[in-house]
Amino acid sequence: MAIRAYLLLCIILLFSSYYTTFALYEDQVGLMDWHQQYIGKVKKAVFQTQKAGRKRVVVSTEENAIAALDLRHGEIFWRQMLGVNDAIDEIDIALGKYVVTLSSGGSVLRAWNLPDGQMVWESFLFGSNPSRSLLLTPEIFGADKDNVILVYGNGYLHAVSSIEGDILWKKDLAQSGIDIQHLVHPEESDTIYALATRDTSQFEAYAINVRNGELLKHSSMKLPGGFSGDLSLPTSDKAVVLDSSGSILVSISFVGGEIKFQKVQISDLLQGYSGTAELLPSKLAGMVAVKINRSLLIVKVKDEGTLEVVDTVPHVEAVSDSLSFAEAQTAFGLIQQDGGKIQLTVKSSNDWKSHFLKESIEVDQQRGLVHKVFMNNYVRTDRTYGFRALIVMEDHSLLLLQQGAVVWNREDALASIIDVTTSELPVQRDGISVAKVELNLFEWLKGHLLKLKATLMLATPDDVAAVQRIRLQSAEKSKMTRDHNGFRKLLIVLTRAGKLFALHTGDGRIVWSRLLNVFRKSETCGNPRGLKLHQWQVPHHHALDENPSVLVVGTCGHNSDASGILSFVDVYKGEELNYLVPVHSIKQVIPLPFTDSTEQRLHLIIDAEGYSHLYPRTPEALDILQKELGNIYWYSVDINNNLLKGHVVKKNCKDEIADGYCFESNDLWSVIFPSDSEKIIATSTRKLSEVVHTQAKVNTDQDVLYKYISKNLLFLATVTPKAIGDIGSVTPEDSWLFVYLVDTITGRVLHRMSHHGCQGPVHAVFSENWIVYHYFNLRAHRYEMSVVEIYDQSRADNKDVLKLVLGKHNLSAPVSSYSRPEVMTKSQSYFFTHSVKTVAVTSTAKGITSKQLLIGTIGDQVLALDKRFLDPRRTVNPTQAEKEEGIIPLTDTLPIMPQAYVTHALKVEGLRNIITIPAKLESTTLVFAHGVDLFFTRLAPSKTYDSLTDDFNYALLLLTIVALVIAIFVTWIWSERKDLQEKWR
């Protein structure tokens, strides 16, 4: 009995080491995933450093984020994200405790609590005339009076209580052709001035009582020749503007409602003036800044309104607003830049010849030029004033400069990712020293001994902390070489700033970054923008000396006929190998399934006129394509004209446009949707790289269904014209949603289905032979998800399971899109409780593992939903055979379990896309979700059936095996003794 009890104990210990695989402990968080928070490119910044405590700066960004950043480390204190259509216009601090934001074109005013970012109040300001948005927070009018916030937007001037957010009064200033540009509040005055221009030729000034909104005086005067650009406001009673020629500065005085113009030629202020002048919007006390080429002309506005040149500063990139920091003391900052060297100068507004600060700082040249600078002051220990500068760079990064150094920086370009691709890391080929092996072996043994102590509950708190530290600082996941499981990869991301980043999947760190020169503004390309990333060269094991590279595609503008940009970048080094700019327009990029001898992948780039251009432009690539002419098909979707067309690449271009690598395409077919009945709203196709394990599907009744697998299948969704608007903008009777499955080679519609009383937006994902799409049901007032599975009936005579097992089937027979397919579809719809931003599906190396849908919810989280819940064969009462197959009983709603959230309790703010990457390990897929934030994790939809976890306790397993061997040996000895004793009897 003792022996049996001992063996039972050993078995229990053995199985206990396996059960840890299915649990996630607190100390394991962050081992397989990482989460990074960003805010985007900063538009405006307000410092809050008056009171004691941690100093902070409040910023608004192009991603519609409001955030408070720690001035010591740049960390986010708090952050609030507004909607996609709720752009932030202005930001300020009121009463020293509220952050006030104006958004949605001057329609929404909010106050946020400064310490924690909680919203205090919200006011909606209505108006019917779109205009620029202005925000003014005047000084306190009196101890017994409520402070007001003045807002101009949509043609109305509103006075809002800063404490409650109530609208105290509003004034209609909307008139035809008027553009109100500034709100001015002179000190210790109950009058505010609204300054405007009308029809670019007339200056207008409105004097309004700030307490009740009464219009005290309205003055106007016309300037012969008119204005150009915006007004600049150097003082509370004077404005400066450029005339229509851009060569004359006009000073405007409006004291007491009397308007007076004074003109001066810029050539009189600056000898040898040439080029174009631009009046900067920076608010300088008593001065204006005029940018001429890369030089800055500082002009002082005197009391009588005359203009006087103070200085000309060369190579100025940015100018800050004036900063009041002591009694009657104001200063502003100038940024000059030469390559990676930035010179910060803080000048006094009172005495130009003196300056408070002048220092040079070295920054990474890959950050580009300085776009904006915000100044702040602080008191040093010796009671003198110091200055810090917050600068926004061309690559959207944010830097804090203080005492001649970069205190911290934030890579906020990663908040605006356009496209993502992946690359394998290099293979480890170098030998490892014996000392390193011994050290690693010692660390390995030490780690497993500590884990064993923790398992046996013998570990001290220091041991537990050491175990957690070893797990989190594991060198395996952050190595710069490939691993045998395929978990370590490089994520190559293209951002809106034109900067390329390589992120390590192990810990999310930036391996390298490159601001591509061709995506910077220049004379040849005034408005560059990135579009897509494509794998260009992917060397395999026989060409490992070559580094992989990517193709970055962009255009010089938003028009369809804008010239294109092509850049080729080394994935391992981040070096730009080559670039082509400008090239023909780029409408579509088609990666071809061919590579040349250097393993460069062939690409066809379709221009706006429908011509195809081959890359790489080499004779070898041309020879490969010539052999495939007539067998390369592509399709185009014209949403504006409701047109779907199919094309085939046939021959070289005509002589007048031929360059040897240009080809013409013939139109094969077209599908025109009547614009009075249907509008295209969504399309989806299969991933070109998707692997399908088997085409056969065996049912519970031993019947074989063959999946209709085609990479040429297109899912397309249309709605009736009345259903184009927002949800609820149409009645169910007038709303129809239609879905199509179209073969893009022949244009044949394989399946069509309609949903009455439903409308978009439609989010769809296409995998293998099934499509899942999400939409809104107006009749049920709920969201729905539908699934359609398509099967090939042309192989109905090949349903013998024995033939399938023995391989005597026609699965290997070639399939042509021109042979009329006999297809069968199965579909089912389910209610889904969430609105959806994006949908993706897991992908694995061999396609064996079960699929999971990855749903980006409206709450900016990622939900994993097993594909079995979207099986169209589900019934209310499944048979026993169906239950054994894994078919789930039918319910009208898809379940959402808290444990199914891939992001756990985290949010990926501003979620835009979910990328799935197969690992070498079949059970595992890598998931990367990006928006304003980034999130990466590993998923095992069918559990890790083909591997042990990283923290598997090998020491305990070894101890258990040794104990079992000893127990067997001892048992054998006792058994021999017992047999001997029985024989002696």
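As annotated in an unreviewed UniProt entry, the protein carries the name ER membrane protein complex subunit 1 and is attributed to Anisodus tanguticus. One UniProt comment on the protein, placed under Subcellular location (unreviewed entry), says "Endoplasmic reticulum membrane". Taken directly from UniProt, the Sequence similarities (unreviewed entry) text for the protein runs: "Belongs to the EMC1 family."

Q: Would you mind showing me how to read the nonpolar core here?
A: Core analysis: the largest hydrophobic core is formed by 24 residues, its most contacted members being Phe715, Ala717, Leu737, Leu741, Val762 and Tyr773. Residue assignment for this core shows that the elements contributing at least two residues are strand S52 (713-719), strand S53 (736-743), strand S54 (749-756), strand S55 (758-767), strand S56 (770-777) and strand S57 (782-792). When neighbours within four sequence positions are excluded, Phe715 is seen to be in contact with Ala682, Thr683, Ser684, Val739, Tyr740, Leu741, Val762, Ala764, Phe766, Ile771 and Tyr773. Counting residues in each nonpolar core, the second largest holds 21 residues, with Ala413, Leu414, Leu491 and Phe501 among its members.

Q: Even after reading the chapter, I still don't get the pairing of strand S33 (residues 398-402), so can you show me in this structure?
A: As a general feature of sheets, a regular strand has side chains that alternate between the two faces. Counted residue by residue, S33 has 5 buried out of 5 residues, so it is predominantly covered. Of the two faces of S33, both are covered, the one formed by Leu398, Leu400 and Gln402 as well as the one formed by Leu399 and Leu401. In this sheet, S33 lies alongside strand S32 (residues 385-393) in antiparallel orientation, the contact comprising 5 bridges. When the bridges of S33 are listed, Leu390 appears paired with Leu400. The turn joining S32 and S33, which pair antiparallel and follow one another in sequence, is formed by 4 residues; a positive phi near 75 degrees is taken by His396. In this structure, S33 lies alongside strand S34 (residues 405-410), joined through 5 bridges in antiparallel fashion. By the bridge assignment for S34, Gln402 is matched with Ala405. As consecutive antiparallel partners, S33 and S34 are separated by 2 residues, and within that stretch Gln403 has a phi angle of approximately 55 degrees, a positive value.

Q: Please explain the environment of Val581 as it appears in this structure.
A: Summarising the element assignment, Val581 is placed in strand S42 (residues 576-585). Judged by relative accessible area, Val581 falls into the partly exposed class, the value being 28%. On a C-alpha basis, the gap between Val581 and Thr524 in space is 8.2 Å, while along the polypeptide they are 57 residues apart. Apart from the residues lying within four places of it in its own chain, the contact partners of Val581 are Val518, Cys556, Gly564 and Ile565.

Q: Help me understand the sheet that holds strand S7 (residues 98-103) in this model?
A: Strand pairing in a sheet relies on backbone hydrogen bonds, with the paired strands running either antiparallel or parallel. Pairing in this open sheet of 4 strands is antiparallel, and the strands run S6-S7-S8-S9 from one edge to the other. At either end of the open sheet lies a strand with only one pairing partner, and these are strand S6 (88-94) and strand S9 (119-124). Each strand axis lies, on average, 15 degrees off the axis of its neighbour in the sheet, ignoring direction. Here 6 bridges tie S6 to S7, and the two strands are oriented antiparallel to one another. Residue pairing across strands places Ile88 opposite Ser103, the latter belonging to S7.

Basis of the calculations
- Residues numbered from 1 in each chain as written.
- Predicted model: local features only at pLDDT ≥ 70, side-chain atom pairs only at ≥ 80, totals over all residues.
- Heavy atoms only, no water.
- UniProt positions renumbered as here; feature names shortened; annotations may be inferred.
- Core = buried A, V, L, I, M, F, W, Y, C linked by side-chain atoms within 4.5 Å.
- Buried < 20%, exposed > 50% of the residue type's maximum accessible area, 1.4 Å probe, protein only.
- Helix = DSSP H or I, 4+ residues; strand = E, 2+ residues; numbered from the N terminus.
- Contact = heavy atoms within 4.5 Å.
- Pairing = 2+ DSSP bridges.
- Axes fitted to C-alpha atoms, helices over the stretch in contact; angles between N-to-C directions.

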